[in-house]
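Structural overview
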Amino acid sequence: MGTEKANGVSKHGIASKIPAEAHPLSEEPTEIASNINYHAQFSPHFSPLKFEPEQAFYATAESVRDRLIQQWNETYLHFHEANPKQTYYLSMEYLQGRALTNAVGNLNIQDAYADALNKLGHQLEEVVEQEKDAALGNGGLGRLASCFLDSMATLNLPAWGYGLRYRHGLFKQLITKEGQAEVPEDWLEKFSPWEIVRHDVVFPVRFFGQVQVNPDGSRKWVDGEIIQALAYDVPIPGYKTKNTISLRLWEAKACATDFDLFQFNDGQYESSLQIHSRAQQICAVLYPGDATEGGKLLRLKQQFFLCSASLQDIIFRFKERKEGKTPLQWSEFPSKVAVQLNDTHPTLAIPELMRLLMDDEGLGWDEAWDVTTRAIAYTNHTVLPEALEKWSQSVMWKLLPRHMEIITEIDKRFVELIHSTRPDLEDKVNSMCILDNNPQKSVVCMANLCVVTSHTVNGVAQLHSDILTSELFADYVSIWPTKFQNKTNGITPRRWLRFCNPELSNIITKWLKTDEWVTNLDLLVNLRKFADNEDLQAEWAAAKMANKKRLAQYIHEITGVSIDPNSLFDIQVKRIHEYKRQLLNILGAIYMYKKLKEMSPEERSNATPRTIMIGGKAFATYTNAKRIVKLVNDVGSVVNTDPEVNNYLKIVFVPNYNVSVAEMLIPGSELSQHISTAGMEASGTSNMKFALNGCLVIGTLDGANVEIREEIGEDNFFLFGATADEVPKLRKDRENGLFKPDPRFEEAKEFIRSGAFGSYDYNPLLDSLEGNTGYGRGDYFLVGHDFPSYMDAQAKVDEAYKDQKKWLKMSILSTAGSGKFSSDRTIAQYAKEIWNIEECPDCRDEMI
Ligand SMILES: *Cc1c(COP(=O)(O)O)cnc(C)c1O
């Protein structure tokens, strides 16, 4: 594409009849086209002979960026002058996905850009596909952070996101004969058009060294090594507002003067560059393997790097604005700064803020503690014991000696508080305090440090928050009853409906006679009264079919499997984890397959044809998760090529699940599976994305499923499985040998063991479902217990799908009931109930 186009693209690639001019703010397609052309010529990154979709993408992105920079700089200046209280969201992960569609959509200029690109011989839909996903996150937690940024910008909130600029984000997943293979993802291989380096924003971050005690008793962290944190900013535009906030990603660099020219000239090339190589390690990858001591140390360095650079920046900004008309005191820091910790990964922000306030700014302990505890809040994302971070005290003393002194002091004062005020908690002290000094462990419990210090601790769905206050953090609740809150997660309706599903969006806008639902998702309830309307149902069905066909084509392109758009599209996409129970899904599919094979052709012709799609990445060292990936692929190979049944059942593993893949799958899905063991999924957010797009949910009473079912009505939700409060007793019963497996469950496992899906040894995986106790045994996730009720629920799905009118009604009610799950609602609650910040729109010169 791109050369010798009738519409003005010369053989030199770049459109010849269209001048290359910088018209950065025009909304005229012709002027936009010349602006794109301008970037192709004057911000060149490629040799001039080509103007193919890839070159068109970079030039278009740079043209869009011009506009963003304008709004962005104005927002920055506005916040500087208005000096409101600001929120700083600290997260080790952001799962941003692609930015171009979102940017032109939020700026409301998609049509003009589509026209402009046409003039240049390109299609916007094709051009946006050239962008690599920014996958600086792993799953739900990182995607949540990205949805939150979109809502903060849209709600005109003064807010910043802070993260790390990983050179390689999450790995790219390939599916081979052996199952999952990981190769590095490289979003910076060429460059990212969205990031702006701020050469003037650099902070030193120290590691190792020791604590120096001064004659006046004050303490100072000295020596060790210093790595520079350099800011790269990514603009986050709000939807139809000028407000454009920043995601500031830190890059690690050695100081130029650290280069040992003498060593280098002496031929010691390796050692002369050592500090540079150590700096590069810090932001090389998200989640470096932590099986080795070196890996653990590197992860801790990453966490501290984020916290230290961000807090130095926050303090710098506070000081810059402190000398206004009425100079601010340090005690007023919490009325200008709210810091939110996205899980425990940025916990080191706590001792780092204490250190900066005491050792650099000269505050006393009490004053620093008062400021810190009023500024910092913590979101818990999991109750899984293996995910509650604990760092070795000896590693921490080595890497962060001053911080360990501070943590030890916080711990000491907390224990004293219990001794003096709550003798009834005396026997709980060991589980509540921060330092676990048991010589076998000798660790720092990061969640405990967060709970003791933060002014607010929140869970991410009502059930999860209830489990936090009644179990995990119950003892703290008795000390600080008002510290704990719930903030049910949400998703941005821009990316997850308006832009990923334009067909359905247009129908919604038409029937609601307004597009205000995009920023006020509660308006979707007004669809309820049309749920039985045949015209709406027909349009709804047509949109779903268009999306299913698009999805079928995509599946065919990447896997070679043909799937039937008339079959029920049943999808489970999320990280592969035993608690999320993809194993339950595939065992159910195996059982369905076996039954279909046993049927006569007449019986079979009554079956509801189904296409099951499963996707997700397994962490590289998580063996059982990788076995599950392999099993899904093996079962698919057999089922999809079995001519007896493959008109009724297909099973597809969708490789390399990421945000862009999700945007393709979700609009085309009709049933989605959110089937975690009750009590284990804190919230889930893909359940919300699917429900919003009119996809019905089969699920357990876990996380936000509970609230989704409440909102859309229990008749529109396929419920099964044990409830969270039954789970402990079921596990006990199992240990006591009281579990009686359902014959259908035994049949499905036996079928795998018989070799029906190849010769790979699945016994270690299946054995996890056997026995009563033991490591990797005893069915901790209750797959066997929930299997029969799961199969019963699936039978109800098959029946319901046969009545398309009823199904469509349920689908409409699902969208209509999803208003609560907008991240705008979630963020408005954080702003009011945790951060105490207010919207700060820039009204100086209304642009939009
Ligand atoms: C939404 C999302 C998730 C979270 O999915 P859950 O089912 O809630 O675990 C993970 N990955 C991607 C790419 C997502 O978009």
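In this text the structure is predicted, and so the values were computed from the model without any measurement. (Residues numbered from 1 in each chain as written. Predicted model: local features only at pLDDT ≥ 70, side-chain atom pairs only at ≥ 80, totals over all residues. Heavy atoms only, no water.)

1. Details of the packing of aromatic side chains
- Summed over all chains, the structure comprises 36 aromatic pairs.
- Ring centres of F57 and Y58 lie 5.0 Å apart, and the angle between their planes is 65°; this geometry places the pair in the edge-to-face category. Of the two residues, F57 and Y58, neither departs from the other in class, the shared state being buried.
- Ring pairs connect the aromatic residues Y76, Y88, W160, Y162, F203, W250 and F316, which therefore count as one cluster. (Phe/Tyr/Trp six-rings, centres within 6.5 Å; stacked < 30°, edge-to-face > 60°. Buried < 20%, exposed > 50% of the residue type's maximum accessible area, 1.4 Å probe, protein only.)

2. Considerations on the UniProt feature "modified residue: N6-(pyridoxal phosphate)lysine" (unreviewed entry) in the protein chain
- UniProt's entry tags K689 with the feature "modified residue: N6-(pyridoxal phosphate)lysine" (unreviewed entry), counted in the numbering of this structure.
- Looking at where K689 falls in the secondary structure, it is placed in helix 26 (residues 686-692).
- Taking the relative accessible area as the measure of exposure, K689 reaches 6% and is therefore buried. (UniProt positions renumbered as here; feature names shortened; annotations may be inferred. Helix = DSSP H or I, 4+ residues; strand = E, 2+ residues; numbered from the N terminus.)

3. Looking at the environment of A284
- Residue position: A284 is located in the loop between helix 9 (274-282) and helix 10 (293-322).
- Taking relative accessible area as the criterion, A284 reaches 25% and is therefore assigned partly exposed.
- On a C-alpha basis, the gap between A284 and L512 in space is 48 Å, while along the polypeptide they are 228 residues apart.
- Setting aside residues no more than four positions away along its own chain, A284 makes contact with Y166, R167 and H168. (Contact = heavy atoms within 4.5 Å.)

4. Brief notes about the site of the ligand
- Surrounding the ligand, one finds 15 residues, the nearest of these being K574, K580, T685, S686 and K689.
- Between K580 and the ligand, the recorded distance is 2.7 Å, taken from a side-chain N or O atom to an oxygen atom.
- T685 has a polar backbone atom sitting 2.7 Å from an oxygen atom of the ligand.
- Across the complex, the protein chains shield 96% of the 380 Å² of accessible surface that the ligand would expose by itself.
- Counting residues per element, the ones that place at least two in the shell around the ligand are helix 6 (140-154) and helix 26. (Near = heavy atom within 4 Å. Polar contact = N/O pair within 3.5 Å; in protein donor to acceptor, adjacent residues only side chain to side chain. Areas by Shrake-Rupley, 256 points an atom, 1.4 Å probe, with all protein chains shown as cover.)

5. As for the confidence of the model for the protein chain
- With 97% of its residues at a pLDDT of 70 or more, the protein chain shows a mean pLDDT of 94.
- Contacts of residues 1-13 to residues separated by more than four positions or lying in other chains number 36 contacts, the stretch itself having pLDDT below 50. (pLDDT = per-residue confidence, 0-100.)

6. Let's talk about the pattern of salt bridges
- Per the stated rule, a full pass over the model turns up 62 salt bridges.
- Here R495 ties to E663 by a salt bridge, and the two come within 2.8 Å at their closest N and O atoms. Here R495 is found in helix 19 (residues 493-499), whereas its partner E663 is found in helix 25 (residues 659-665), with 168 residues between them in sequence.
- Among the residues examined, R495 registers a relative accessible area of 9% and is labelled buried.
- E663 sits in the buried class, given a relative accessible area of 17%.
- Note that R709 and E714 form a salt bridge whose closest N and O atoms lie 3.9 Å from each other.
- On the accessibility criterion, E714 (54% relative accessible area) is exposed. (Salt bridge = Lys/Arg side-chain N within 4 Å of Asp/Glu carboxyl O.)

7. Things to note about the sheet that holds strand 13 (residues 376-379)
- Across the sheet, nine strands lie side by side as 7-10-11-4-1-12-13-17-18; this open sheet has mixed pairing. Across the chains shown, the open sheet's two edge strands, defined by having one partner strand only, are strand 7 (196-207) and strand 18 (484-486). Strand-to-strand twist across the sheet, computed as the mean angle between neighbouring axes with direction ignored, equals 25°.
- Contacts from helix 6 reach strand 1 (86-90), strand 4 (159-164), strand 10 (225-237), strand 11 (244-253) and strand 12 (337-342), with the element oriented near 55° to strand 10. (Pairing = 2+ DSSP bridges. Axes fitted to C-alpha atoms, helices over the stretch in contact; angles between N-to-C directions.)

8. Describing the sheet that holds strand 16 (residues 443-445)
- Strands sit in the order 14-16-15 across an open sheet of three strands; the sheet is antiparallel. Only two strands of the sheet have a single partner each, and these edge strands are strand 14 (390-392) and strand 15 (435-436).
- Looking at chain direction, strand 14 and strand 16 are connected through three bridges and run antiparallel. Following the sheet pairing, W391 is matched in strand 16 by V444.
- Lying on the sheet, helix 16 (residues 446-453) is in contact with strand 14 and strand 16; it crosses strand 16 at an angle near 45°.

9. Thoughts on helix 14 (residues 401-421)
- Over its 21 residues, helix 14 extends 30 Å from the first C-alpha to the last, a length consistent with the 30 Å expected when each residue adds 1.5 Å.
- P401, R402, H403, M404, E405, I406, I407, I410, D411, F414, V415 and I418 are the residues of helix 14 that are buried. (Expected span 1.5 Å × (residues − 1).)

10. Looking at the pairing of strand 17 (residues 456-459)
- Residue alternation in strand 17 divides its side chains into two sets, T456 and N458 and V457 and G459, and both sets are buried.
- Here strand 13 pairs with strand 17 via three bridges, running parallel. Counted as the bridge partner of A377 is T456 from strand 17.

11. Quick notes on the environment of S789
- Secondary-structure assignment places S789 in helix 31 (residues 783-802).
- A relative accessible area of 26% means that S789 is categorised as partly exposed.
- Taking the C-alpha atoms as reference points, S789 and L399, 390 residues apart in sequence, are found 51 Å from one another.
- If we ignore the near neighbours within four places in the chain, the residues touching S789 are F720 and G721.
- At 3.1 Å, the side chain of S789 and the backbone nitrogen of G721 are in polar contact.

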